[in-house]
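Overview (structure and organization)
Listed below, chain by chain, are the residues.
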Amino acid sequence: MAEQEGSDYRSMEADQASGKKGGGSGAIIAVVIILIIVAALGYFLLTKKPGGGGAPEMGTSMEILPEKCVMLLQVDTRKMAEKAKREEILSKLKESAAYKEMTEKLQKENNINFEQDIMSWLGEQVVISFFEVPPPPENPGQKPDTSKYNFVVVLDVKDLNAAQAKVKELLAKESSKYKEDKYENVTIWVPSTPNTPTLSFIKGLFVMGNTTDDVKKCIDASLKKGPTLKDNANFKSIVSKLPGDAMGIFYMDMQAVIASGEKMAPMGKTAGTNPEEDKLKKAFTGFGFGLSYKDGDFIGQGLLGINKSSDSAFVKALYETKPTMGAPASLKLFPADTSMYNAVDAKLLYTVLTKYAATMPGGAENLEESKKKIQDNMGVDLDKDIIGNLSGELAYGIDLQQFLQSVMMSRQGQKSPYPMVLSAKVTDKKAFEEVIGKIVAKMPIKLAKEDADGASFYKIPNTGRLGVYNDFFILATGQGDAALTTILENKMDEAKSLATDPGYKKIASKIGPNTFSVSGVKLDKILPMIKMVVGFAAAKDPKQAQQAQDFITEMEKYDSVWSYTEIVDNGFKFEFVVSKKADNAGKTETK
């Protein structure tokens, strides 16, 4: 029988002899996949250097994967060229308990040496592609039937001859026998046991399909019997916006996921019940995310794709409304040690949501009725007196440890207001003070007014304070009242504020007029909570606790996470930076 594509489709004879009884080929392949992904994501990402601009390189996999792809994950380490780094990474991998346990099990039960039999021929790109959205379990609590999943794992091969020889050896060692078959003159190995992948070499890539049909789809695509992923316009439009130095990328076809969600709805398909909602669903094109590493920091960039020309009322309102926030002014308001901060363009959000709500059945009437109730009960016009006097920026800051304590107390039946400082920048301080006075006068309880550092605040019994300070409306609750005192004492001194945070400075230059939100989290502030969770895990599963402790040890090297989101022509673009602490930045650990 004629061979195709040279040695890519070279026939191999599968050894049908029974081997040592072990865990079955399905279990072995699953372990191999897990190890590959863990090795790539957990260790390769720590030292791979950025490779410049442009879109991520998808490689030959795009030419063998069919056009229909609903989800894809790629890990790519081809630009990490230093041999010493590879050896260092592998040595770190060998030290992990999970690696030792899995490799020892492979050696003992199946006589497979992971390094020699697997890692020796593997290349530097791993792709997992789902052709359909995995169906959920038929009954709640039931394990999903993975045999119904349609996906393939594509592994880059650096030595095809060695790969073919090693795969033949592995098949010979398996007690679960494979039957060698041909499809379009391409050799495939079909398992005789359920939940075991079908194997093949296609265009120099090693392909493992969850079903035999999955592999056949890849062979058809490689022979150009139909469009490939390389021809998928939506996929290309999303991935092209991801960073070219991305070590790992994720893609999701939003339309496929939404359609699957419709089928999973309790009452069946819901499409058609709300025309405006259907239009909004159809506006989302895809989701893409890329992860890079530079100078000790992890950098994530992504895009939620939206069709700007959609006739969805939400999309029209989104692109008709001009963003107003830009770089958040409240960063100078919040103290430098604020645990968690978030600012959003509330004016844009309010405008878009009200425009969208007005298109819903009865939406316009309900909106007007709500505004009338506010007018009657509070004596203020929502649009004119409140929204019309906002610059757009709404921000809050919380102490994460205190927040957790409040949550736990509330669950125990103890009243404890959540510790938070909420701020909204206003355009007319005096006018907004008058609005606050009208609202307070209508409240069922009497609020005492007090002056503090040149500003007037209303004291809320057992809760906190509210008032206007330096062009900001501020509401402080719980322990946030103490933070408000610090805010007043700092007097908008930038040197004492979040504006000087090293993590924020890494995204500050990228924040422009189209920015929709900005967020920051101090990682050392949430470590106590994570350690508490680890303590619970240790009592139940020591191995899991050790893995979590390893994660904490790594996390302690990082300082903060800062992110921003902006509105672009094709959707919402976002970026975040996980910053290493100053003494760890730009360093690579050595043995």
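Residues numbered from 1 in each chain as written. Predicted model: local features only at pLDDT ≥ 70, side-chain atom pairs only at ≥ 80, totals over all residues. Heavy atoms only, no water.

Let's talk about helix 7 (residues 212-222)
Among the residues of helix 7, those classed as buried are Asp214, Val215, Cys218, Ile219, Asp220, Ala221 and Ser222. Looking at the packing, one finds that the buried side of helix 7 touches helix 2 (61-64), strand 3 (151-157), strand 4 (178-183), strand 5 (186-191), strand 6 (198-202) and strand 7 (205-209). Downstream of helix 7 by a residue or two, Lys224 has a phi angle that is positive, lying close to 60°. (Buried < 20%, exposed > 50% of the residue type's maximum accessible area, 1.4 Å probe, protein only. Helix = DSSP H or I, 4+ residues; strand = E, 2+ residues; numbered from the N terminus. Contact = heavy atoms within 4.5 Å.)

Quick look at the pattern of salt bridges
A complete count under the given rule lists 20 salt bridges for this structure. Across the pair Glu132 and Lys68 runs a salt bridge whose closest N-O atoms are separated by 2.9 Å. Taken together, the residues span a long stretch of sequence, with Glu132 in the loop between strand 2 (122-130) and strand 3 and Lys68 in the loop between helix 2 and strand 1 (71-76) at a distance of 64 residues. Overall, Glu132 belongs to the partly exposed group, its relative accessible area being 31%. Taking the shortest distance from any N to any O, the salt bridge between Asp297 and Lys506 comes out at 2.6 Å. Pair noted here: Asp297 is in strand 10 (residues 297-306) and Lys506 is in helix 18 (residues 502-508), with a separation of 209 residues, a long-range link. Sharing partners across several salt bridges, the network here consists of Glu450, Lys459, Arg465 and Asp481. (Salt bridge = Lys/Arg side-chain N within 4 Å of Asp/Glu carboxyl O.)

Things to note about the side chain of Lys522
You can see Lys522 is positioned in strand 18 (residues 515-522). A polar atom in the side chain of Lys522 sits 2.6 Å from the backbone oxygen of Ala336. Residues in contact with Lys522, not counting those within four places in the same chain, are Ala336, Asp337, Thr338, Ser339, Leu498, Asp501, Asp559 and Ser560. (Polar contact = N/O pair within 3.5 Å; in protein donor to acceptor, adjacent residues only side chain to side chain.)

Overview of helix 11 (residues 313-320)
Among the residues making up helix 11, those that are buried are Ala313, Phe314, Val315, Ala317 and Leu318. Buried residues along helix 11 sit against helix 10 (275-283), strand 10, helix 12 (346-358), strand 19 (558-568) and strand 20 (571-580). For helix 11, the capping residue at the N-terminal end is Ser312, with a side-chain oxygen 3.2 Å from the backbone nitrogen of Phe314.

Overview of the confidence of the model for the protein
This prediction gives the protein a mean pLDDT of 80; 78% of its residues lie at or above 70. Contacts of residues 1-52 to residues separated by more than four positions or lying in other chains number 138 contacts, the stretch itself having pLDDT below 50. (pLDDT = per-residue confidence, 0-100.)

Things to note about the environment of Lys332
Along the chain, Lys332 turns up in the loop between helix 11 and strand 11 (340-345). A relative accessible area of 38% means that Lys332 is categorised as partly exposed. Taking the C-alpha atoms as reference points, Lys332 and Ser497, 165 residues apart in sequence, are found 5.1 Å from one another. If we ignore the near neighbours within four places in the chain, the residues touching Lys332 are Met492, Glu494, Ser497 and Ala499.

Brief notes about the nonpolar core
For soluble globular proteins, nonpolar side chains are generally found buried alongside one another. Counting 47 residues, the largest nonpolar core has Phe201 and Phe206 as its most contacted members. Listed in part, the 30 residues of the second largest apolar core include Met62, Tyr183, Val190 and Ile202. (Core = buried A, V, L, I, M, F, W, Y, C linked by side-chain atoms within 4.5 Å.)

As for the packing of helix 11 against helix 12
For the pair helix 11 and helix 12, the least separation of the axes is 8 Å and the interaxial angle reads 145°. Crossing handedness for the pair helix 11 and helix 12: right-handed. From helix 11, Ala313, Phe314, Ala317, Leu318 and Glu320 reach across to helix 12, where they touch Leu348, Val352, Leu353, Lys355 and Tyr356. For the contact of helix 11 with helix 12, the per-class residue count stands at eight nonpolar, no polar and two charged. (Axes fitted to C-alpha atoms, helices over the stretch in contact; angles between N-to-C directions. Left-handed = near helix turned anticlockwise from the far one by under 90°. Nonpolar A, V, L, I, M, F, W, Y, C, P; charged D, E, K, R; others polar.)

Focus on unusual backbone geometry
Of note in the backbone geometry, Glu184 takes a positive phi value of approximately 50° without being a glycine. For Glu184, the location among the structural elements is in the loop between strand 4 and strand 5. Positioned with a positive phi, Met492 is a non-glycine residue whose angle comes to about 60°. Structurally, the position occupied by Met492 is in the loop between helix 17 (480-490) and helix 18.

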